[in-house]
Amino acid sequence: MYLGSTPFDTLLDSAIRQGALTTTDIADILHFRIFGNPQGFLLLKNQDIGDVPATPADRKTLIKPDYRSELLLLQATALLGDSIGYPQESDGSLINNFFPQAGKARQLSSASFDTELDLHTKNALHEVPPDFLALLCLRAAPRDDAITYIASVDKMLEVIDAETTDLLFQESFNFLSDYCLSEKSCRIDLGRHRPMLYGQRDRPYLRLDPHFMLARSARMQRLIEEIKEIAWSVAQPVRLAAGDLLIIDNRRAAHARSAFQAQFDGRDRWIQRTFAISHQRQLIGETGEPSRIIGLRPHAQ
Ligand SMILES: [Fe+2]
């Protein structure tokens, strides 16, 4: 455990009190959380990430004595909401570390590095998707070939007509699960039928994961492809540099990442990621469960 035996709440308390975000950054994050923006993401550059050791070869060898990046990331996360994790993501870690691992190449997961991922909202099928993702870049890809793409629902709706927008609120798609203990990238039918758009008509929330969505007809299957193409047509590319903090509104934007090269020499790309939700107290009220690690609830509707 690279954070030693420090309890998470102790780390979080230090983050709130000692995180290095400037007052301007804090205002920008709060403004983004409360008001959003048309592009669906916020990029804050040149953050203090402290001393970053060589990029490790795998999570078992991850040792990072300087916690400044973790404190900064948790400070940003606390401004966005409550920090959560999922059992299926990095074994429920509240701070996920991503770097190329030789054995995990070509898998369709966040640990992969040479597979292009399609535009998606995180945990689209989950009862409790993250409201926000926060990504802190500790080291850029050595060839600067890793590109994060973000497609906001507002930009998508600029090119989707009103009739199709109505359809996206009404038509349900079966969101499949890729959560298997034995293998990655499986597709399990949990009967999670949901529309792609939900919430306010003028400012909708988005649920999109084309590779894990099934339609009830060939026509609706084509609609998934159309929406996917529209998302790509409005997607904005971001190349993360060391010290960049990228915050994505996961209910208002889809994201993807390009393939990139890895060298396994300690200089590979390294990203730290957290999730925030906006309604943890409501969840605790409903479930009586205060855990920050939120599993699938297969029987919930
Ligand atoms: Fe993702």
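Residues numbered from 1 in each chain as written. Predicted model: local features only at pLDDT ≥ 70, side-chain atom pairs only at ≥ 80, totals over all residues. Heavy atoms only, no water.

*Asks:* Got a minute to help me understand the coordination of the iron ion in this structure?
*Replies:* A four-donor tetrahedral metal ideally has 109.5 degree angles, and a six-donor octahedral metal ideally has angles of 90 or 180 degrees. Protein coordination at the iron ion: the donors are H120 (NE2) and H255 (NE2), at 2.1 to 2.2 Å from the metal. With H120 in the loop between β3 (96-98) and β4 (132-139) and H255 in strand β13 (residues 253-257), this residue pair connects regions lying 135 residues apart in the sequence. Taken individually, H120 and H255 each receive the classification buried, so the pair is uniform in this respect. (Donors = N, O, S within 2.8 Å, 3.2 Å for Na, K, Ca; no water. Helix = DSSP H or I, 4+ residues; strand = E, 2+ residues; numbered from the N terminus. Buried < 20%, exposed > 50% of the residue type's maximum accessible area, 1.4 Å probe, protein only.)

*Asks:* Explanation requested: unusual backbone geometry in the structure shown.
*Replies:* Leaving glycine aside, a negative phi is the common case for residues, and trans is the common case for peptide bonds. Phi at N46 is positive, roughly 55 degrees, even though this residue is not glycine. Relative to the elements of secondary structure, N46 occurs in the loop between β1 (41-44) and α3 (68-80). Taking relative accessible area as the criterion, N46 reaches 69% and is therefore assigned exposed. Even without being a glycine, N123 presents a positive backbone phi close to 50 degrees.

*Asks:* Sorry if this is basic, but what is going on with helix α1 (residues 8-18) here?
*Replies:* For an α-helix, the turn length of 3.6 residues means that residues three or four places apart are oriented alike. Regarding α1, the residues found buried are F8, L11, L12 and A15. Each buried residue of α1 sits inside an arc of 100 degrees when the element is viewed along its axis, so together they form one side. Residues of α1 that are exposed and angled more than 90 degrees away from the buried face: D9, R17 and Q18. (Arc of directions from axis to C-beta.)

*Asks:* For this particular structure, what's the right way to read the packing of aromatic side chains?
*Replies:* Geometrically, a pair of aromatic rings is defined through the distance of the ring centres and the angle of the planes. Applying the stated criterion to the full structure yields 5 aromatic pairs. Just above the ring of Y198 sits the side chain of R207; from NZ or CZ to the centre is 4.1 Å. Of note, R269 hangs over the ring of F260, and the distance from its end group to the ring centre comes to 5.3 Å. (Phe/Tyr/Trp six-rings, centres within 6.5 Å; stacked < 30°, edge-to-face > 60°. Lys NZ or Arg CZ within 6 Å of the ring centre and 35° of its normal.)

*Asks:* Can you help me understand the environment of G85 in this one?
*Replies:* Its location among the elements puts G85 in the loop between β2 (82-84) and β3. As a C-alpha pair, G85 and Y205 span 120 residues in sequence and 21 Å in three-dimensional space. When neighbours within four sequence positions are excluded, G85 is seen to be in contact with S93, L94, F275, R292, I293 and I294. (Contact = heavy atoms within 4.5 Å.)

*Asks:* Got a minute to help me understand the pattern of salt bridges in this structure?
*Replies:* If charged atoms from side chains of opposite charge come close, those side chains can pair. As enumerated under the stated definition, the model contains 18 salt bridges in all. What you see here is one network of salt bridges that share partners, running through D48, D51, D66 and R68. (Salt bridge = Lys/Arg side-chain N within 4 Å of Asp/Glu carboxyl O.)

*Asks:* Which parts of the structure should I look at to understand the pairing of strand β14 (residues 270-277)?
*Replies:* Residues in a regular strand project their side chains so that they alternate between the two faces of the sheet. Most of β14 sits out of view: 8 of its 8 residues are buried. The alternating pattern of β14 places W270, Q272, T274 and A276 and I271, R273, F275 and I277 on opposite faces, both of which are buried. For β2 and β14, the ladder comprises 3 bridges, and the chain directions are antiparallel. If you follow D82 over to β14, its bridge partner there is I277. Direction of pairing for β3 relative to β14: antiparallel, over a ladder of 3 bridges. In the sheet register, N97 faces β14, and the bridge partner there is Q272. As paired strands, β4 and β14 are joined by 7 bridges and run antiparallel to one another. In the strand pairing of β14, F132 is matched with A276. (Pairing = 2+ DSSP bridges.)

*Asks:* Explain the sheet that holds strand β5 (residues 148-152) here, please?
*Replies:* One key point about sheets: their strands pair by backbone hydrogen bonds, in either a parallel or an antiparallel sense. Here we have 3 strands laid out as an open sheet, ordered β11-β5-β13, and antiparallel in their pairing. Each having just a single partner strand, β11 (236-238) and β13 make up the two edges of the open sheet. Mean inter-strand twist for the sheet, computed between neighbouring axes without regard to direction, equals 25 degrees. Where β5 and β13 come together, 5 bridges link them in antiparallel fashion. If you follow T148 over to β13, its bridge partner there is R257. Packed onto the sheet, helix α6 (residues 218-234) meets β5, β11 and β13 and runs at close to 115 degrees relative to β5. (Axes fitted to C-alpha atoms, helices over the stretch in contact; angles between N-to-C directions.)

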